[in-house]
Amino acid sequence: MMKFLFVLFMMMPLGFLNYFWLMQFAMLFVSFMFMLSFSFNYMYMYISYCFGVDLVSYLMILLSFWICSLMMMASGKIYLTKFWSQMFLFVLIVLMGSLLLAFGAMNLFMFYIFFEVSLIPTLMLILGWGYQPERLQAGIYLLFYTMLASLPMMLAIFFYYTKYGTLEFYNLDKQLDEVLLYLCMNMVFYVKVPLFFVHLWLPKAHVEAPVSGSMILAGIMLKLGGYGLMRMMMVFLTVGLKINWFFIGLSLIGGLIVSLICLRQSDMKSLIAYSSVAHMGMAVSGILTMSYWGMSGALMMMIAHGLCSSGLFCLANLNYERIGSRSLYLNKGLINIMPSLSLWWFLFVSSNMAAPPSLNLMGEIMLINSVLSYETLNMAVLMMLSFMGAAYSLYLYAYSQHGKIYMGLMPFNMGGLREYLLLLLHWLPLNVLILKGELLCLWV
């Protein structure tokens, strides 16, 4: 584990020398090297100091490497305009390092520390390279929502340590049977996922963030919450059996309400951000069923959502760079002037509504299985969730690609090789991984 961290921090001179594309190639190369050391089972591998990977950590770290390398590819404009590009690369490396350590930590307190540390570079991305002046408010929302919920978690961690004398993940088999401790420990993960009612920071942060900030938020930061819940459910088995029904209901009905909100959005980024809440709501309900189907389905959904949502944010940014607006009232009739990009819009929107052969479909099938086996009455909400997912995805596609072209557009190009490669590298793993779906179900 530590060798990957050292390789990561050895890249820093490339950032200071402003070798933007060389650094991006190095990051992709590290992703590939990490992929070659695949963790095929639930046991911890590559242990060094208090870091190691099992299947869930491994997949999350691999996703982090992949999304971070694609963030550089998406941020070509920062390099071309020389807008603090060296600082941007430095922030990116620090962010990747903190995510590597958060997902690779085998100790609950180490995970908590790097979980918090990853907030700082994300905040810097939003404040430094965001678009509108409201980015300061969005950054404060992000910071305080997470930090307010994370202080009780620290106290709960200390309580667990004084009671049982260990915080290693593989020793977390002692049960805590108090509802208050359950809320203290897990509330920060519910905020991060985000659960309905504590999700208001997410659309705000996404709308104000640059494309790289949106990609890392949707692709990785939300997954920190799901990953934490997966780790903590074994500590709260007994209390989870009593109160998880409430959070499952809240996440499913919240997902349905948010899907309805999606149909009223005029900002592309805002629509994609709200759809994240609906998708992750399903993943949370799967984790909270505490079943094998639920855990595997949630892991699949998290990876699928990370790639699909990140790709959609890239597409929205490509439109924004050309048209100068993300409003669906101005982004109309684009199939006539950008047919190649229109194909990519269709591919990603179809994946977003869980059409085959995307990984979203496999994740949703497993999650529907787990939630229905938990309580059959959930069928009505799940039917509506799937239907509304198709509805807002088609709304996004139809409104942006069809209709009358806005005549006040400036001249622009159809897109370069970098942009198509960026979209391909999102789409390929999203639709090819389903062929080896069993590898994502090895974790128990």
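Residues numbered from 1 in each chain as written. Predicted model: local features only at pLDDT ≥ 70, side-chain atom pairs only at ≥ 80, totals over all residues. Heavy atoms only, no water.

Per an unreviewed UniProt entry, the chain goes by NADH-ubiquinone oxidoreductase chain 4 and derives from Epicauta chinensis. Under the heading Subcellular location (unreviewed entry), UniProt records this for the chain: "Mitochondrion membrane". (UniProt positions renumbered as here; feature names shortened; annotations may be inferred.)

Caption draft 1: Up close: the packing of helix α1 (residues 2-10) against helix α6 (residues 85-104). Taken N-terminus to C-terminus, the directions of α1 and α6 make an angle of 175°; their axes are 10 Å apart at the nearest point. Taken together, the axes of α1 and α6 are roughly antiparallel relative to one another. Taking contact as the criterion, the partners of Phe4, Leu5, Leu8 and Phe9 in α1 are, on α6, Ile93, Met96, Gly97, Leu100 and Leu101. Looking at the contact of α1 with α6 residue by residue, the classes come out as 8 nonpolar, 1 polar and no charged. (Axes fitted to C-alpha atoms, helices over the stretch in contact; angles between N-to-C directions. Helix = DSSP H or I, 4+ residues; strand = E, 2+ residues; numbered from the N terminus. Parallel < 35°, antiparallel > 145°, perpendicular 65-115°, else oblique. Contact = heavy atoms within 4.5 Å. Nonpolar A, V, L, I, M, F, W, Y, C, P; charged D, E, K, R; others polar.)

Caption draft 2: Spotlight on the nonpolar core. Among the nonpolar cores identified, the biggest contains 166 residues, and Leu108 and Phe111 are the most heavily contacted of them. The element that contributes the greatest number of residues to this core is helix α15 (residues 292-323), accounting for 17 residues. Sequence-distant contacts of Leu108, that is, excluding residues within four places in its chain, are made with Met153, Ile157, Leu167, Phe169, Leu172, Met185 and Met232. (Core = buried A, V, L, I, M, F, W, Y, C linked by side-chain atoms within 4.5 Å. Buried < 20%, exposed > 50% of the residue type's maximum accessible area, 1.4 Å probe, protein only.)

Caption draft 3: Broad picture of the state of the cysteines. In the structure shown here, the tally under the stated rule is 0 disulfides. The closest cysteine sulfur to the non-disulfide-bonded Cys262 is located on Cys308, 13 Å from its own sulfur. You can see Cys308 has no disulfide; the closest cysteine sulfur is in Cys314, sitting 11 Å from it. Owing to a relative accessible area of 1%, Cys308 belongs among the buried residues under this scheme. (Disulfide = S-S within 2.5 Å.)

Caption draft 4: Representation of α6. Between its first and last C-alpha, α6 extends 28 Å over 20 residues, near the 28 Å set by a 1.5 Å rise per residue. A large share of α6 lies buried, amounting to 16 of its 20 residues. (Expected span 1.5 Å × (residues − 1).)

Caption draft 5: Region of the structure containing α1. Restricting attention to buried positions, one finds in α1 the residues Met2, Phe4, Leu5 and Leu8. Buried residues of α1, viewed axially, fall in a sector of 160°; they line one side. Looking at α1, the residues exposed on the side facing more than 90 degrees away from the buried face are Lys3, Phe6 and Met10. Buried residues along α1 sit against α2 (12-16), α3 (20-36), β1 (45-48), β2 (51-53), α4 (55-74) and α6. (Arc of directions from axis to C-beta.)

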